Amino acid sequence: MFFLFFSGKTCGLCGNFNNNQNDDFLTPELVTEVQANVFADSWKSDQSCPDAIVPKLSACDINPHRAPWAH
């Protein structure tokens, strides 16, 4: 029921909720972006905001004690 209510009614950083993950990274220009940081930057409402930064380390590298739980 929840899916039916919101299906096709969302867009932006949350995706479009149509149960197709292949088109969730659509920019406002309806271009599918591959890189998450470029996708996020495409939705900025104020261009003076800094660009998204790609982390150099993964969360598991930063917190190795949590890696088994994450996997």
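Asker: So, the side chain of aspartate 41: which residues are in play, and what are the values?
Answerer: Within the secondary structure, aspartate 41 is located in helix α2 (residues 36-42). In this structure, aspartate 41 is buried with no salt-bridge partner, the nearest side chain bearing the opposite charge being lysine 44 at 4.4 Å. Within polar-contact distance, the side chain of aspartate 41 engages the backbone nitrogen of alanine 52 at 2.8 Å. Once residues within four sequence positions are removed from consideration, aspartate 41 is found in contact with Pro50, Asp51 and Ala52.

Asker: Pulling in residues and values, what's your account of the confidence of the model for the protein chain?
Answerer: Confidence in the prediction of the protein chain, expressed as mean pLDDT, is 85, and 94% of residues score 70 or more. At the level of individual helices and strands, the protein chain shows its lowest average pLDDT in helix α1 (residues 2-6), which scores 67, and its highest in α2, which scores 93.

Asker: Quick rundown of the packing of aromatic side chains? Include the residues and the values.
Answerer: Counted under the stated rule, the structure contains 1 aromatic pair. Aromatic side chains phenylalanine 25 and phenylalanine 39 sit 4.5 Å apart centroid to centroid with 5 degrees between the ring planes, which places their arrangement in the stacked category. Highlighted residues: phenylalanine 25 in the loop between α1 and α2 and phenylalanine 39 in helix α2, separated in sequence by 14 residues. The buried category is assigned to phenylalanine 39, whose relative accessible area is 4%.

Asker: Talk me through a nonpolar patch on the surface; I want residue IDs and the actual numbers.
Answerer: The grouping of Phe5, Phe6 and Phe17 at the surface amounts to a nonpolar patch, some 280 Å² of accessible area in total. Residue phenylalanine 6 is classed as partly exposed on the basis of its relative accessible area, which comes to 31%.

Asker: Please set out unusual backbone geometry residue by residue, giving values where relevant.
Answerer: Of note in the backbone geometry, phenylalanine 17 takes a positive phi value of approximately 55 degrees without being a glycine. Judged by its relative accessible area of 30%, phenylalanine 17 falls in the partly exposed class. Of note in the backbone geometry, leucine 30 takes a positive phi value of approximately 65 degrees without being a glycine. If you trace the backbone, leucine 30 turns up in the loop between α1 and α2. A residue is classified by how much of its surface remains accessible, and leucine 30, at 66% relative accessible area, is exposed.

Quick notes on the rules
- Residues numbered from 1 in each chain as written.
- Predicted model: local features only at pLDDT ≥ 70, side-chain atom pairs only at ≥ 80, totals over all residues.
- Heavy atoms only, no water.
- Helix = DSSP H or I, 4+ residues; strand = E, 2+ residues; numbered from the N terminus.
- Buried < 20%, exposed > 50% of the residue type's maximum accessible area, 1.4 Å probe, protein only.
- Lys, Arg positive; Asp, Glu negative; His and termini not counted.
- Salt bridge = Lys/Arg side-chain N within 4 Å of Asp/Glu carboxyl O.
- Polar contact = N/O pair within 3.5 Å; in protein donor to acceptor, adjacent residues only side chain to side chain.
- Contact = heavy atoms within 4.5 Å.
- pLDDT = per-residue confidence, 0-100.
- Phe/Tyr/Trp six-rings, centres within 6.5 Å; stacked < 30°, edge-to-face > 60°.
- Patch = residues over 30% accessible without salt bridge, like charges linked within 9 Å, V, L, I, M, F, W, Y side chains within 5 Å.
- Areas by Shrake-Rupley, 256 points an atom, 1.4 Å probe, with all protein chains shown as cover.

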